[in-house]
Amino acid sequence: ELTEKLAKKKYKGAEQYRKMGYYSAAINYYTDVLEYYAGSEWAAESLYCIGECEMNLGNYENSKKIFEEFARKYPNHPLMVKVNEALRQLEGDYNK
């Protein structure tokens, strides 16, 4: 389907920026996936990656909010293992 192809293209663009360490640019692309292709198979991964990018930028509170949103929206998604790990790590950082 065309929507899935467009979502994938935007997601892959975000991945390139993330891999190069341009986390803010990656967040913009991932956000586009969520905004324009919310029903696509790429939406959950985009939300997760936004949380990861926020963490890499040191925006721990934003990261925590994103991962909590992911847990609410996608409680049975395979990425929940990583989400729970990230939330535990973020909780640990707050308690230091």
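Quantities reported herein were computed from a predicted structural model and do not represent experimental measurements.

### Observations concerning the nonpolar core
Move 1: The biggest cluster of nonpolar side chains holds 25 residues, and the ones touching the most others in it are Tyr11, Tyr30, Tyr48, Phe67, Phe70 and Val83.
Move 2: Those elements giving two or more residues to this core turn out to be α1 (2-19), α2 (23-36), α3 (43-56), α4 (60-73) and α5 (80-94).
Move 3: Broken down by element, the residue count for this core peaks at seven residues, all from α3.
Move 4: When residues no more than four places from it in sequence are discounted, the contact partners of Tyr48 are Phe67, Phe70, Leu79, Lys82 and Val83.

### Quick notes on the packing of aromatic side chains
Move 1: Per the stated rule, a full pass over the model turns up eight aromatic pairs.
Move 2: Through a chain of ring-to-ring contacts, three or more aromatic side chains come together here, namely Tyr48, Phe67, Phe70 and Tyr74.
Move 3: The side chain of Lys10 reaches across the aromatic face of Tyr29, ending 4.8 Å from its centre.

### Concerning the environment of Leu87
Move 1: Here Leu87 shows up in helix α5.
Move 2: Classification of Leu87 by relative accessible area gives buried; the value is 16%.
Move 3: In sequence terms Leu87 and Lys64 are 23 residues apart; their C-alpha atoms lie 6.4 Å from each other.
Move 4: The residues touching Leu87, leaving out its near neighbours within four places in the chain, are Lys64, Phe67 and Glu68.

### Some words on the side chain of Ser46
Move 1: Mapped onto the secondary structure, Ser46 falls in helix α3.
Move 2: When its relative accessible area of 0% is taken as the criterion, Ser46 is described as buried.

### Description of the confidence of the model for the protein chain
Move 1: Averaged over every residue, the pLDDT of the protein chain is 94; the share at 70 or more is 96%.
Move 2: For the protein chain, the element scoring lowest by mean pLDDT is α5, at 89; α2 scores highest, at 98.

### Some details on the packing of α1 against α2
Move 1: Direction vectors running N to C along α1 and α2 enclose 165°, while the axes themselves pass 8 Å from each other. Compared by their axis directions, α1 and α2 come out roughly antiparallel. Note on packing geometry: the crossing formed by α1 with α2 is left-handed. Every residue of α2 that contacts α1 at Ala7, Lys10, Tyr11, Gly13, Ala14, Glu15, Tyr17 and Arg18 is listed here: Tyr23, Ala25, Ala26, Tyr29, Tyr30, Asp32 and Val33.

Thresholds applied
- Residues numbered from 1 in each chain as written.
- Predicted model: local features only at pLDDT ≥ 70, side-chain atom pairs only at ≥ 80, totals over all residues.
- Heavy atoms only, no water.
- Core = buried A, V, L, I, M, F, W, Y, C linked by side-chain atoms within 4.5 Å.
- Buried < 20%, exposed > 50% of the residue type's maximum accessible area, 1.4 Å probe, protein only.
- Helix = DSSP H or I, 4+ residues; strand = E, 2+ residues; numbered from the N terminus.
- Contact = heavy atoms within 4.5 Å.
- Phe/Tyr/Trp six-rings, centres within 6.5 Å; stacked < 30°, edge-to-face > 60°.
- Lys NZ or Arg CZ within 6 Å of the ring centre and 35° of its normal.
- pLDDT = per-residue confidence, 0-100.
- Axes fitted to C-alpha atoms, helices over the stretch in contact; angles between N-to-C directions.
- Parallel < 35°, antiparallel > 145°, perpendicular 65-115°, else oblique.
- Left-handed = near helix turned anticlockwise from the far one by under 90°.

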